[in-house]
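Examining the three-dimensional arrangement
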Amino acid sequence: MSDRTIRAVWLYPELMNVYADRGNVIALRARCADHGIECEVERLELGGDLPDDADLVLIGGGQDREQRRVAPDLARHAARLHEWHDDDVAFLAVCGGFQLFGDGYRTARGEELPGVGLFDVTTVAPPPGAERCVGDVLAETHLDGIGEVVGFENHAGRTYLGPGVRPFAHVQYGWGNNGVDGTEGAVAGSALGTYLHGSLLPRNPRVTDWLIDAALRHRYGAGASIEDSPPEDAYALGAREAAATAARERGRANAD
């Protein structure tokens, strides 16, 4: 039995779970097991209450209709989520979850959905008929020890970083946050926002390890970390290489 445990809270898994975002939770549990760490996962649905504590919070993506349902409920928890963030709890917010963890999201109908404000980013949906940001992504992260990441994006909204906001990555192939400035996602402390969907953690174990390390530091103190990192799984390596090849062959090249 493991002598170390982290607690993860999975927000709105029934609503915010498009394009295999559930895969991030599966990969997190599997990678924790590889490290000999127990990972407890608690689910939060609409109308529920957050637990007293957490080491890692995950939220996936959803269409506008799901985001309309989730946004007011998420706003109920904004103060607690900010307290956790200030206490260095780790976060992974994907696509629609990333948008709702920003300062707000203006839909194609002109609705203003409130954001939690964990990331100083703003998202605006383009006019009807505008091209969606869809496809395989190859990007270089700005986080130490991770390097290249791959993933899949599918979003209409364009996200713009506030002054001084640190992007998660710089896109080589793909749209990224807005298809203009080459940025992908955002990082704020131990919080990571990204447009890369549920294949992110299965294909990028180093990102998973970054989140696990952050969760361990929150639970056990500043010196805590993964002790012995096992080699990356051959399936993960193969999947990442296949995704990188697809991005280079079919992806939208970043002109930046």
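Residues numbered from 1 in each chain as written. Predicted model: local features only at pLDDT ≥ 70, side-chain atom pairs only at ≥ 80, totals over all residues. Heavy atoms only, no water.

1. Describing the environment of G182
This is how it is decided: Comment: elements are numbered from the N terminus, with helices defined as DSSP H or I runs of at least four residues and strands as E runs of at least two. In this scheme, a residue with accessible area under 20% of its type's maximum is buried, one over 50% is exposed, and one in between is partly exposed, where area comes from a 1.4 Å probe on protein chains only.
Structurally, G182 is set in the loop between β11 (169-173) and β12 (183-184). What makes G182 buried here is its relative accessible area of 2%.

2. So, the state of the cysteines
The condition is simple: Any two cysteine sulfur atoms lying within 2.5 Å of each other are counted as a disulfide.
A complete count under the given rule lists zero disulfides for this structure. The closest cysteine sulfur to the non-disulfide-bonded C32 is located on C39, 4.4 Å from its own sulfur. The class for C32 is buried, based on a relative accessible area of 0%. C133 provides the cysteine sulfur closest to C95, a residue in no disulfide bond, and the two sulfurs are 9.5 Å apart.

3. Considering the pattern of salt bridges
Put simply, the test is: Throughout this description, the term salt bridge denotes a Lys or Arg side-chain nitrogen within 4 Å of a carboxyl oxygen of Asp or Glu.
Considering all chains together, one arrives at 16 salt bridges under this definition. Two residues, E83 and R80, come together in a salt bridge whose shortest N-O distance is 4.0 Å. Of this pair, E83 and R80 both sit in helix α3 (residues 78-86), three residues apart, which is roughly one turn of that helix. The class for R80 is partly exposed, based on a relative accessible area of 29%. Here R106 makes a salt bridge to E112, at a shortest N to O gap of 2.8 Å. Classification of R106 as partly exposed rests on a relative accessible area of 41%.

4. Comments concerning unusual backbone geometry
Positive phi values are uncommon outside glycine, yet A20 reaches one of about 70°. Along the chain, A20 turns up in the loop between β1 (5-11) and α1 (22-34). Notably, C95 is not glycine yet its phi reads approximately 50°, a positive angle. Position of C95 among the secondary structure elements: in the loop between β4 (90-94) and α4 (96-100).

5. Here we look at the nonpolar core
Here is the rule: Here, nonpolar core refers to any group of buried Ala, Val, Leu, Ile, Met, Phe, Trp, Tyr and Cys residues whose side-chain atoms link them within 4.5 Å.
Residues L11, F101 and F119 are the most contacted members of the largest nonpolar core, which totals 68 residues. No other element matches helix α6 (residues 205-220), which puts seven residues into this core. Counting five residues, the second largest nonpolar core, distinct from the first, contains L138, V150, A244 and A247.

6. Structural notes on the pairing of strand β3 (residues 56-59)
To be explicit about the condition: Note on pairing: two strands pair once DSSP finds at least 2 bridges between them.
Alternating positions in β3 separate into two faces, L56 and L58 on one and V57 and I59 on the other, with burial throughout. Examined bridge by bridge, β1 and β3 share four bridges and lie parallel to one another. By the bridge assignment, L11 is partnered in β3 with I59. Here β3 pairs with β4 via four bridges, running parallel. Bridge assignment links V57 to a residue of β4, and that residue is F91.

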